[in-house]
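# Results of the structural survey
Next come the chains, spelled out residue by residue.
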Amino acid sequence: MASPDLFQNVAFSDVSAAAAPAAEGATAAFGVAAATGGPRLSLVKAGKPEVEPTIEIDLSDAQIFKLGPSEWLCLCGESEAKAGVEEKSFSRAIKVVLRTEAESKAFSLAFQRWKHQVISGKAGEPLENGSIIASKSKFDTKIEASSAKMYFHYYGQLLHQQNMLQDFVRTGTYYAAVMENRSDFEGRVVVDVGAGSGILSLFAAQAGARHVYAVEASEMAEHAQRLISGNPSLGQRITVIKGKVEEVELPEKADILISEPMGTLLVNERMLESYVIARDRFLAPDGKMFPTTGRIHVAPFSDEYLYVEMANKALFWQQHNFFGVDLTPLHGSAFQGYFSQPVVDAFDPRLLISPPTYHTLDFTSMKEEELYKIDIPLSFVASVGTRVHGLACWFDVLFNGSTVQRWLTTAPGSPTTHWYQLRCVLSQPLYVMAGQEITGRLHLVAHSSQSYTIYLTMSAKMWGVGADQGGILQTSTGKLELKEPYYRLSQPQSYVLQQDQQQQQLPCLQPQGSEQQMQEGLSPGITIDQVDQECGLH
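Residues numbered from 1 in each chain as written. Predicted model: local features only at pLDDT ≥ 70, side-chain atom pairs only at ≥ 80, totals over all residues. Heavy atoms only, no water.

In this fold, asparagine 268 is placed in the loop between strand E13 (254-259) and helix H10 (271-282). A distance of 2.6 Å separates polar atoms of two side chains, one belonging to asparagine 268 and the other to serine 451. (Helix = DSSP H or I, 4+ residues; strand = E, 2+ residues; numbered from the N terminus. Polar contact = N/O pair within 3.5 Å; in protein donor to acceptor, adjacent residues only side chain to side chain.)

Attention now goes to H10. Compared with the 16 Å implied by 1.5 Å per residue over twelve residues, the 16 Å span of H10 between its first and last C-alpha is a close match. Three or more residues of H10 are buried, namely Met271, Leu272, Glu273, Ser274, Tyr275, Val276, Ile277, Ala278, Arg279 and Phe282. (Expected span 1.5 Å × (residues − 1). Buried < 20%, exposed > 50% of the residue type's maximum accessible area, 1.4 Å probe, protein only.)

We now examine the pairing of strand E10 (residues 189-193). Summarising burial for E10: five of the five residues are buried, a large majority. Neither face of E10 is left uncovered, since the one carrying Val189, Val191 and Val193 and the one carrying Val190 and Asp192 both have all their residues buried. Sheet topology places E10 next to strand E11 (residues 211-216); five bridges connect them, and they run parallel. Each bridged residue has a counterpart across the sheet, and for valine 189 the counterpart in E11 is histidine 211. Handedness of the β-α-β unit built from E10, helix H7 (residues 199-206) and E11 comes out right-handed. Examined bridge by bridge, E10 and E13 share four bridges and lie parallel to one another. Across the sheet, valine 190 pairs through a bridge with isoleucine 256, a residue of E13. (Pairing = 2+ DSSP bridges. Right-handed = clockwise from strand over helix to strand, strands pointing away.)

The final tally for this structure, using the stated rule, is 19 aromatic pairs. Look at tyrosine 275 and phenylalanine 363: their rings are 5.7 Å apart centre to centre, the planes differ by 70°, and that puts the pair in the edge-to-face class. Of the two residues, tyrosine 275 sits in helix H10 while phenylalanine 363 sits in the loop between strand E17 (357-362) and strand E18 (373-381), which places them 88 residues apart along the sequence. When its relative accessible area of 1% is taken as the criterion, phenylalanine 363 is described as buried. Centre to centre, the rings of tyrosine 307 and phenylalanine 339 are 5.5 Å apart; their planes meet at 45°, and the pair counts as tilted. Here the residue tyrosine 307 occupies a position in helix H11 (residues 304-313), and phenylalanine 339 occupies one in helix H12 (residues 331-339), the gap between them amounting to 32 residues. (Phe/Tyr/Trp six-rings, centres within 6.5 Å; stacked < 30°, edge-to-face > 60°.)

A separate point is the pattern of salt bridges. This structure, assessed with the given rule, holds 26 salt bridges. Here glutamate 56 makes a salt bridge to arginine 40, at a shortest N to O gap of 3.7 Å. With glutamate 56 in strand E4 (residues 55-58) and arginine 40 in strand E3 (residues 39-44), the pair connects residues that are 16 residues apart, well separated along the chain. Taking the relative accessible area as the measure of exposure, glutamate 56 reaches 40% and is therefore partly exposed. Note on arginine 40: relative accessible area 11%, which makes it buried. Taking the shortest distance from any N to any O, the salt bridge between glutamate 252 and arginine 210 comes out at 3.4 Å. Here glutamate 252 is found in the loop between strand E12 (238-242) and E13, whereas its partner arginine 210 is found in the loop between H7 and E11, with 42 residues between them in sequence. Overlapping salt bridges bring together Asp303, Glu309, Asp345, Arg423 and Arg488 as one network. (Salt bridge = Lys/Arg side-chain N within 4 Å of Asp/Glu carboxyl O.)

If you want it as structure tokens, here you go:
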């Protein structure tokens with residue numbers, strides 16, 4: 001068990017008690033209550049041993065408020081019961097005065113650390129004197145415990161932090177955004193939301209921040225502490241706090257928030273909600289946020305090879321004699337299952353058939369609830385006559401500094417990041433002519449597995465004579481799971497000439513083919529019409 005945090009020569013008084021004398025030269029000690037096993041704060045008058053505390057505060061339901069540079073007010077619940085009288089509950093207020101501002105800050109951090117950490121076991125674990133009851137934070141009410149466990153386990157590993165640090169576009173853009181806007185950081189209080197390895201906290205300290213609070217909920221907090229301690233010239237102005245931003249308390253308001261809350265398609269992992277919550281809890285009214293805004297960009301694309309590759313995955317289920325078993329009853333479900341996976345890769349921007357549009361998220365003003373459902377209306381004009389295979393998506397974020405505005409983009413054609421781009425592929429492509437309007441809707445619905453279900457609708461409006469009267473010619477829909485993408489990060493094979501395509505045969509028409517042929521799948525020379533006919537799309 002960790003040793004209690006001790007603060008010597010403090011003064012305290014019971015504000016809620018009439019004419020209660022102030023105790024000078026007392027000791028404040030954080031530790032574990034022997035009776036309950038829960039965290040507690042003992043305030044002991046001078047001359048009394050710690051085993052006989054004058055006041056003992058249960059931290060599980062206590063709060064503190066800053067009264068001055070070195071003064072705090074502790075509020076806690078109390079109850080009393082007398083024989084034959086109903087038990088009464090009331091609040092108790094204890095004023096604590098520390099010797100210096102530095103001790104005051106350390107006292108506040110110790111209060112929050114002991115209040116939120118479980119000292120003797122895990123939530124719900126049976127103890128000698130009962131069980132620990134963990135109150136649920138807003139994060140816990142929204143997110144499945146199993147998802148959160150895997151999420152924090154993932155980001156608690158150095159190899160994944162290394163992957164992000166080695167993304168030069170990501171790390172370099174953050175560094176440039178901070179250093180080019182030193183005036184926003186110099187002498188300011190900074191909160192690093194989801195600090196990870198602590199790299200952004202160190203950047204902020206390099207830029208002259210007066211103090212940085214690095215809040216990290218995963219086991220990476222211990223690694224961050226070692227990294228920060230190993231850079232003492234910067235680390236002396238950084239405090240690592242292990243916990244969720246929904247739960248921890250800070251001793252002062254922040255002048256600026258910095259974070260890297262972006263996931264695939266910007267919103268995956270739902271950390272943007274924590275970023276907004278941190279804004280509401282920690283940021284001063286005129287504070288800044290790095291990043292400031294985000295944009296989700298969308299555009300229709302045509303990629304015959306990708307579509308063939310996706311459709312070909314289900315051809316396994318087209319076999320009529322798989323060890324004597326007809327697999328075809330499951331082909332339709334398998335086919336739709338593959339198209340429920342968003343494709344994550346880096347694609348050629350020349351595959352886009354219309355200029356993109358975008359949807360803006362203003363982190364400085366939006367409400368957390370606005371991230372629960374995101375609606376993006378679609379309206380494009382096809383630049384060529386082709387088949388539309390789906391919607392391509394990417395994002396960028398703006399660091400709106402006082403000196404320099406800098407964008408971090410994941411756009412196709414730009415230097416590739418570890419986010420790549422994302423494409424939602426329709427199982428039923430649309431046929432369009434040049435100048436034809438494409439409309440639809442991209443609807444993102446958050447769920448408790450820290451991701452989103454994507455509902456995509458794309459339609460081709462009538463084209464040519466009579467188009468002025470409107471009307472929809474074709475519509476295709478898709479339901480995709482953002483948490484389960486298809487990572488297609490290898491380079492695509494080159495396309496073959498059209499005359500060569502006519503000479504190929506579809507593997508599903510050759511059930512006697514070798515196992516290697518079946519595993520290698522569809523040749524890039526297969527025509528899309530052959531796939532459509534075989535898969536029942538015509």
